[in-house]
Each structure stands twice: as structure tokens, then as C-alpha cells.
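Given next are the chains, with one letter for each unit.
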Amino acid sequence: MFRTAVRNVLAHKARLLMTTLAVLLGVAFVSGTLVFTDTVSSAYHKSAEKGFEHVDVAVQPDHSGSQTPGDAPALSQRLLDEAAALPGVDSATGTVSGFTALAGRDGKLVGDGWSTLGANYYAGADGDDSRYPMSSGEAPQRAGQIAIDAKTAERTGYEVGDTARVSVNGPVREETITGIFTTDDGNVAAGGTLVLFDTATAQQLFAAPGEFTEIALSATDGTSQAQLEREVTEILPDTAEAVTGQQLADEQTREIERGMSGMQTGLLVFAGIALFVGVFIIANTFTMLVAQRTRELALLRAVGASRRQVTRSVLVEAVVVGVTAGITGLLAGIGIAAGLRSLLTATGAVLPDGPLQVTPTAVLASLAVGVVVTVLAAWLPARRAAKIPPVAAMSSVHATPTTRGLVVRNVIGSLLVASGAALVFLGTGMDAQAAKFPMGLGGMLMIIGVFVLTPLLSRPLIAAVGPLLRVFGVSGKLARLNAVRNPRRTAATASALMIGLTLITGMTVVAGSAQKGIEEMASASLKSDYTISMANFTPLAPEVEQTLAENERVTALSPLRTSPAEVDGATELLTGVNGADFGQLTDLDFTAGSAANLRGDAALVDDEIAEAHGWKPGTTFPVTYADGERGELTVTGVYEGNEMIRGIMLDTGTLDPHLDRVESLQVLVATEGGPSDAAQSALAADLGNNPALLVQDKEDISEEIASMFTLMLNMLYGLLAMAVIVAVLGVINTLAMSVFERSQEIGMLRAIGLDRRAVKRMVRLESVIIALFGGVLGLGLGVFFGWAAGEMISGSLSTYELVLPWGRMGLFLALAALVGVLAALWPARRAARLNMLTAIKAE
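Residues numbered from 1 in each chain as written. Predicted model: local features only at pLDDT ≥ 70, side-chain atom pairs only at ≥ 80, totals over all residues. Heavy atoms only, no water.

A. A look at the overall build of the chain. Assigned secondary structure in the chain consists of 28 helices and 24 strands. Dimensions of the chain along its principal axes, counting C-alpha atoms only, are 100 × 70 × 50 Å. As presented, the chain carries roughly 38,200 Å² of accessible surface, and 58% of it is formed by carbon and sulfur atoms. Taking the average place of the 60 positive charges on the side chains of the chain and the average place of its 82 negative ones, the gap between the two points comes to 31 Å. (Helix = DSSP H or I, 4+ residues; strand = E, 2+ residues; numbered from the N terminus. Areas by Shrake-Rupley, 256 points an atom, 1.4 Å probe, with all protein chains shown as cover. Lys, Arg positive; Asp, Glu negative; His and termini not counted. Charge placed at Lys NZ, Arg CZ, Asp CG, Glu CD.)

Following this line, the structure appears as C-alpha cells:
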């Protein structure tokens, strides 16, 4: 039986090709994901280890926080000198670092705002800093000089002697590039930028004179990191702690692994979707093969083969297909991983160098996925094969689905859809976190239920397009009849496309609705013409607000600066604003009171806080500010909070005396004559055309939001494209095998006058009907899931409203029809080229 199974695979290799290809694509997605993430993780890990090569112990503040001045007790020069004098210390290096924006030659920010850093060049006894060897020029010696990393120099075209514009927290600085250095810093390896200042300048920018944010120590020969850590701990104040270089490297590795794990999980989800779609194709293919080999299988039963042997023979065929697809999928996945890394590099992403990592896990996962998915999908067809009675060898007739079987199928499908819909409706009334499980399970049950019901749905839906097919004459009528001839086959083929379009449509509905909701929230809450903020959303320096206040075009201005405080026994966030102008710059809906008298001890509170504390206008409540001082505030207005503006608002004159550093997250600005290109350019020029600052009007904010959603959707479309490709292969496979089954019928049609063009048209129309059937089901389910997800989102986004993207939905349906046309090219050509006499004589 094993030899028989292998011979059957070889005899039907053309028919199994599309099935193998479908499994291969899914396996390639899985193995490519594993190889790519393992490769990047390994490269980052080695880069992290290399970056801490010169650090045996690091002394850090004992808190986790930003590296801006005044946030925590700093590390002093005295502590550094004491550490350097320890017996086990070979060298001590003081480090001070923080956000630094670098403008390119085009004036725009270089790199991602979150990874553009600045640090100090700490010259040792020999005048060099071993962390940053200079490849050209020399290290910065004084204020006005900087050095940049070699990768940034290559990207920007900067050379030694050029003048570059940089910014730390607002004011623009023009610096002379005195050197270009190489570094193993993981941030630079990941595509960030690193700007070096002399130590005194860096301390002024990121800390305070004589203070550091970290002290790196290297051990003498024979001293372990653990020994040095114990030595250093003895001299440290309570505000500092010692961490070994290995611990730092391990922590960075864990962070990298957490980040890569999220990416890996996301990619594997889409690989799973592609494989799930492939299951329909595999099951359909083996079902058709079993149907076409009825006489052969019945003869095996007649000559003594047991049902178990027949089942095993079909499963052996599946194993051969699975192993073949697993091996070739692994090789294709390695190529995908290499290509993806090259593609990301070509599009500007910077990844650490390193060889491809093909781990045993990736190899075993590829083979296991290929075999398990194929065998599971072929199990039901194999069972059907075993049930073929020996007498079928005489007449080539075997049992067709009974009415009872169809009724049972429809009942099961209806129950699945009903229970799935109930779970989805249940999830819409829950918060986002709690709704994930019922909505996910409900969605899966509904998709499976609709798949089970598709044979029942196919007849009325396909019949609905009957009048349109009359335009194509006999070919259109035959195409409609062929599409409903075997509803189960049509259902399995259409369902593969349905799943892809369900996900694509659902995500498009949610993304479009959320985008509109966020835009409406931004425009409804703010009346300001412009919003000023840092590119990486760190605090703005006070000079920014001062510069804007001096601009003659500015008619109203208010900062938004926050500070934690203890209010009524709970920790709340206070937001300082310019009470005189705040009402002109925002459009808040007040349920009581107003923003007219926001000064002194007056405060505005959002409705949630007011309800939680039982406050109303006139209520006085105690507050303990960040500096420990106590005071009282009086509620003068209660407004409806949203994701843009919420919390307790008070005048900056009241809040500022309690702040260590007066910094704003944003500054709202209104200008004379309203927003205009001239006004925006003037504001940007007043701020020195700072690459680190964003000067945005409402349109800019909307475009930024839209670009984020567009980027997200394009990425998701690209990932789901694999599932759609697998679905296309399923349509091709089904049509090709259907043409083979109907060779005699097609020969008779040709003999009675149907020409080759009409035969091609018949097959094409049948393909388009199946594709559109899957497309309509996918759009319907996608809209339903999009609505359900939106109901869940609306709990946290009050301005969310369902938006149906009719244009895109029409495009998706048109693409489904195009898929049908393309999928039919080869089967239609094959059908048209059949020899009439040979086809009529076919069994």
C-alpha cells in the first residue's frame, strides 16, 4: 500500500502541484519569520555584548527615569574619582547623555526621534575615549564642537569641518563637526544617531556641571565583575546602585527579545492565517482526487485492502506532499528572510550585520507544519475514501451526500454562527481587555459556521447573478450551473478567499472609523491654530514659550505642562495652562461652570474625576504638590474629558512655583488671521527652523494620524497578501481538476458546436462567480467584525463612529473578480485546447 501511495503521488503530481505550492507558501512564511527574527535577535544580542565590552560595572541612579536635569540625584565627579581609586578598578568613565536632534543637510530630523541621542566624549589619561574611536578628525574639545557616528555621516553626507544644526530641548545650536567615530552602540546599530559633545557641554545640556548620568568602570586583570560590584557598592550613596556589565547586556538582550517576540508573534499569526486558508485547498484537492479515483480505490477494496489500509494510503500521499512542501518551504523561507533583511536595508532601515541564523527550531517547525497541516486537512477525504464500497468498481458510482447529511451540516453551521454571533455581541458590551477572548472565539466560530453553511448559501447567492450572466449566452448559463453543481467544492474554494477578505475588510473598517474619530476629537477639543511639540514628545524648554510670546502674530498662547500631585488621598495629574488664553484655544464641553475665571486657586476638572470625588463648581479640595507643599483648589468648571484633554487644569502661575523644572509637553498657539502657510513658516523661523520641533496645524495632525493608519493598513495588507495568494492557488487548482473531471463533458460541448472561445469564457465566468461569492461573504463578515470591534473601541474613544469605506469595499470586490479572471487563465486555456475525440472517449 505504501508503494501504491507513492505511485499515486507520482501519477498525480500535476494535480498535487498547487496543493504543494499552497502548503509551501505557508511553511515559507513560518520559516522565514523564524529565520528573520532569529537572525535580527542574534545580531542585536552580539551588538549589545560588544557595546558593553568595556563595562564591567556601571554605577547608576537607583531609580528608572529620564536623563534630564533635576529628575533625580545625579552622580558627581567626586563619586567618579572615589570609584576610580578602588583597587579593582582599571579605569572609570563618566557618561552623560540625553535626547539630541540632528538636522540633515535638508534641515529635517535625521533618524527616528526616539533614537536620536547625544552623549559626552570622556577623554582618558591618553586623551582618547575607547568607546568612540575616531575614524577621521578629532574629538570635540569645547563648546561649539561635536562628533557624529560614521553611519549617520554616511546617511547625511556630513564631513569633518561641516556645520550642523542640533537641538536638545528647544533652542537650536549650530555646531562644527570636528570628528567622525565608529561605535558598537546598539542604538546606532538599530538606525539611531549619536552626537558627541565635550563633557562640560554635555553636562550643561543633559545634567548639571560636574554631574553624570552613569559611571562605567572596567576591572583590573584578575578581578571579576561580581568582585568589582561588591567593592563599588561599599562607597555608593543610597541614591546610586552598581550593576555589572553582564547584567546590562542581559537586560538589553531581554528587551530585544521582547521586541522581537512581538514581531515574531504577529508574523506567525499571519502565517497561520495563510496555512488555515491552505487547509481548504488541501481538503478540496484530496476530496476531488478521491472522487476521481473511485474505481481505483474500490478495486483495492475488492482485492483485499481493508478500510484502514485505504485510509493510510491517502494519508501517506498527504505525508509525501507535506514533507516536500516542508523542505522546499524551509529553503524558500531562508530566501524570504534574506530578502526581507535586504529590503529593509534598502528602504532606509538599519539592522546590525550578522549571518542568517537557521536554527533547529526553524527546521523542525517547517517540517512539522508542512506534514501536520497536510495530514489533518487530508484526514476527512481519506476517511471518505475508505468508505467507498467495492461494488463501485463496477459502475464508478459511489454514495452522494444524503439529505440527512446536508440537514445535519446546515444545523451545525447555524449553531456555530449563532453561538459565535452571541459571543461577539457579548464582547461589544465589555471593556477592551475583557472582550478579547469572547470576541476572538466568537469570530472564529462564526467563520467556521459560515464555511459550514456556504453550500447552502451558494445556490441563492449565485442564482442572484443569473440575470447578469445571460449577457454571455450559453457560456454564462453553463458557468452558473457548473458553479452550483457541487456546492461543497464551491464552498471550500470560495471560503479560502472569504477568510482573507474578511480580515482585510474588518481592519479597513476599524482603521477608517478610528481615524475619523481621532480627527474629530482633535478638531472638536482644540481651537488653537497650531500645536508646538518635540519630535519625540519630550518636554519643551521654557525658551520655546518665551519666543512664541514675543511673536507679533501670536494672539493667544497656552502651555500644557503636567505634574503629579496628591489630591483627596489619590494621585492625580495636574495640568498647568495659561488661564487667560486657555478658553480661546480649546473648545471643551462644560457640564457645569466655565473656563472664564481660571486663575489663582481656580481649577477645571473632567467629569470622571468630578463624579469620583463628588465635586461641583464651588467645591474646595486639598492638594499636595510635587515639592511637598500643601494648598487648596476650588472647582470653577466641570468639562467632558477625552483622550486629548482630561484631568485637573489650573493656571501656570499657581503650578510653576512647585516645579523643579518649568517644561511643557505642548504649547497651543492662535495667530492673527488664523492658520496659513506664512504664519506657520514664521513660527518655525522664530524657533530657528528647529528639526526637533513640530509646528502643526489641525490639517497636519490629521495627515499625521492618516499616515499612521495608512502605514499600518499597508503593512497588514502586505501580510494578508500571502493568504490571498494561497486562495488564488486554490481557485486555480479547483478549476484545473474540475476541467479534468469534465473532460468528456467539455468534449461533447465542443462536438455540438461550442467553440474554444466560448469554452474559455465558460471557465472564466465560473471562476469569477466563485471568487465573487467568496468576496461577498468576506465583505459581509468583515463589516460585521469591524462594527463589533468598533463597539468595543468606542468605550475608550468617545468620538468613534462607524465609517463604511464604500470605495475600498468596491475595490476589494473588483479585486476578487480580477482574482477569478487570473486564476482561470491556465484552466480555461487547458479546457479550450482539449481534443474533442480524446475527451469524449475519456472515462
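B. Representation of the packing of aromatic side chains in the model. Applying the stated criterion across every chain, the model contains nine aromatic pairs. With a centroid separation of 5.7 Å and an interplanar angle of 70 degrees, the aromatic rings of F425 and F784 are classed as edge-to-face. You can see F425 sitting in helix α13 (residues 403–428) and its partner F784 sitting in helix α25 (residues 756–793), a full 359 residues away along the chain. With relative accessibility at 45%, the residue F425 sits in the partly exposed group. Arranged with centres 6.2 Å apart and planes meeting at 65 degrees, the rings of F590 and Y639 form a pair that is edge-to-face. Of this pair, F590 sits in strand β18 (residues 590–593) while Y639 sits in strand β21 (residues 630–639), placing them 49 residues apart in sequence. Given the relative accessible area of 0%, Y639 is considered buried. (Phe/Tyr/Trp six-rings, centres within 6.5 Å; stacked < 30°, edge-to-face > 60°. Buried < 20%, exposed > 50% of the residue type's maximum accessible area, 1.4 Å probe, protein only.)

C. A look at the pairing of strand β9 (residues 163–167). Bridge count between strand β5 (residues 101–102) and β9: two bridges; the pairing is antiparallel. By the bridge assignment, A101 is partnered in β9 with S167. (Pairing = 2+ DSSP bridges.)

D. Structural detail: the confidence of the model for the chain. The pLDDT averaged across the chain works out to 82; a share of 90% of its residues lies at or above 70. Confidence scores differ between elements of the chain, with helix α12 (residues 392–395) showing the lowest mean pLDDT of 53 and strand β8 (residues 145–149) the highest of 94. (pLDDT = per-residue confidence, 0-100.)

E. View of the pattern of salt bridges. Considering all chains together, one arrives at eight salt bridges under this definition. One salt bridge connects D162 with R105, and the closest N-O pair in it is separated by 2.6 Å. Placement of the pair is D162 in the loop between α4 (150–156) and β9 and R105 in the loop between β5 and β6 (116–121), with a sequence separation of 57 residues. Take R105: its relative accessible area is 53%, and that puts it in the exposed class. Two residues, D129 and R131, come together in a salt bridge whose shortest N-O distance is 2.7 Å. Through salt bridges with shared partners, one network takes in E545, R561 and D656. (Salt bridge = Lys/Arg side-chain N within 4 Å of Asp/Glu carboxyl O.)

F. Fine view of the sheet that holds strand β3 (residues 89–95). With antiparallel pairing, four strands are arranged side by side in an open sheet as β3-β13-β1-β14. Since the sheet does not close on itself, it has two edges, and those belong to β3 and β14 (240–244), each with one partner. Averaged over all pairs of adjacent strands, the angle between their axes in this sheet comes to 20 degrees, without regard to strand direction. Bridge analysis of strand β1 (residues 57–61) against strand β13 (residues 214–219) gives three bridges, and the strand direction is antiparallel. Bridging from a neighbouring strand, A58 pairs with A216 of β13. Those strands touched by helix α3 (residues 77–84) are β1, β3 and β13, and its axis lies near 165 degrees from that of β3. (Axes fitted to C-alpha atoms, helices over the stretch in contact; angles between N-to-C directions. Contact = heavy atoms within 4.5 Å.)

G. Representation of a positive patch on the surface in the model. On the surface, R307, R383, R384 and K387 cluster together into a patch of positive charge. With respect to the secondary-structure elements, R307 resides in helix α10 (residues 307–346). For R307, a relative accessible area of 47% translates into the label partly exposed. (Patch = residues over 30% accessible without salt bridge, like charges linked within 9 Å, V, L, I, M, F, W, Y side chains within 5 Å.)

H. Structural view of the nonpolar core. Ranked by size, the top nonpolar core spans 74 residues in total, and within it V277, V424, M446, M498, I499 and F785 carry the most contacts. Apart from the residues within four sequence positions on either side, M498 is in contact with I447, V450, G774, L777, G778 and L781. (Core = buried A, V, L, I, M, F, W, Y, C linked by side-chain atoms within 4.5 Å.)

I. Expanded view of the environment of A283. One can find A283 in helix α8 (residues 245–292). A283 gets classed as partly exposed once you look at its relative accessible area, which sits at 22%. Placed 206 residues apart in sequence, A283 and Q77 show a C-alpha to C-alpha distance of 72 Å. Setting aside residues up to four positions removed in sequence, A283 forms contacts with A377 and P381.

J. Structural detail: helix α11 (residues 360–386). Between its first and last C-alpha atoms α11 spans 37 Å; for 27 residues at 1.5 Å apiece the expected length is 39 Å, and the two agree. Roughly 40 degrees is the biggest bend found in α11, and it falls at W379, with proline P381 one to four residues downstream. (Expected span 1.5 Å × (residues − 1). Bend = angle between axes of the 7 residues up to and from the residue.)

K. Highlighting the side chain of D529. By secondary structure assignment, the location of D529 is in the loop between α17 (487–525) and β15 (530–534). Although D529 is buried, it makes no salt bridge; K698 carries the closest opposite charge, 6.8 Å away. Polar side-chain contacts of D529 include one of 2.7 Å to the backbone nitrogen of T671. Those residues in contact with D529 that lie beyond four places of it in its chain are V669, A670, T671, G674, P675, Q696, D697 and K698. (Polar contact = N/O pair within 3.5 Å; in protein donor to acceptor, adjacent residues only side chain to side chain.)

L. Spatial organisation of the packing of helix α14 (residues 432–464) against α25. Relative to each other, α14 and α25 sit at 155 degrees, their axes nearing to 10 Å. Compared by their axis directions, α14 and α25 come out roughly antiparallel. Here α14 and α25 pass one another in a crossing that is right-handed. Across the interface between the two elements, A432, A435, M439, G443, M446, I447, V450, T454, L457, S458, L461 and I462 of α14 pack against I769, F773, L777, L781, F784, F785, A788, A789 and M792 of α25. Of the residues assigned to the contact of α14 with α25, the class counts are 18 nonpolar, three polar and no charged. (Parallel < 35°, antiparallel > 145°, perpendicular 65-115°, else oblique. Left-handed = near helix turned anticlockwise from the far one by under 90°. Nonpolar A, V, L, I, M, F, W, Y, C, P; charged D, E, K, R; others polar.)

M. Up close: the packing of helix α16 (residues 473–485) against α25. The interhelical angle for the contact between α16 and α25, taken along N-to-C directions, is 45 degrees, at an axis separation of 8 Å. With respect to their mutual orientation, α16 and α25 come out oblique. Between α16 and α25 the crossing geometry is right-handed. Touching S475, G476, L478, A479, R480, N482 and A483 of α16 are A758, R761, M762, L765, E766 and I769, all from α25. In terms of residue class, the contact of α16 with α25 is made up of seven nonpolar, three polar and three charged.

N. Fine view of the environment of H613. Tracing the backbone shows H613 in helix α20 (residues 607–613). Here H613 falls in the partly exposed class, since its relative accessible area comes to 23%. C-alpha separation for the pair H613 and D568, spaced 45 residues apart in sequence, amounts to 8.1 Å. The residues contacting H613, other than those within four sequence positions of it, are V567, D568 and E572.

O. Quick peek at empty space enclosed by the protein. Evaluated as defined, the whole model comprises one cavity of 30 Å³ or more. As a volume, the largest cavity reaches approximately 30 Å³. The wall of the largest cavity is formed by L540, A541, P542, E545, R561, V662, E663, S664 and V667. (1 Å grid on protein atoms, 1.4 Å probe; cavity = no way out; pocket = protein on both sides within 12 Å on 5 of 7 lines; lining within 4 Å. Points joined across faces, edges and corners; volume = space filled by probe spheres on them.)

P. Looking closely at helix α24 (residues 743–751). Looking at α24, one finds that the buried residues are S743, I746, G747, L749 and R750. Down the axis, α24 shows its buried residues gathered within 160 degrees of arc, on one side only. Backbone geometry just after α24 places G753 at a positive phi near 120 degrees. (Arc of directions from axis to C-beta.)

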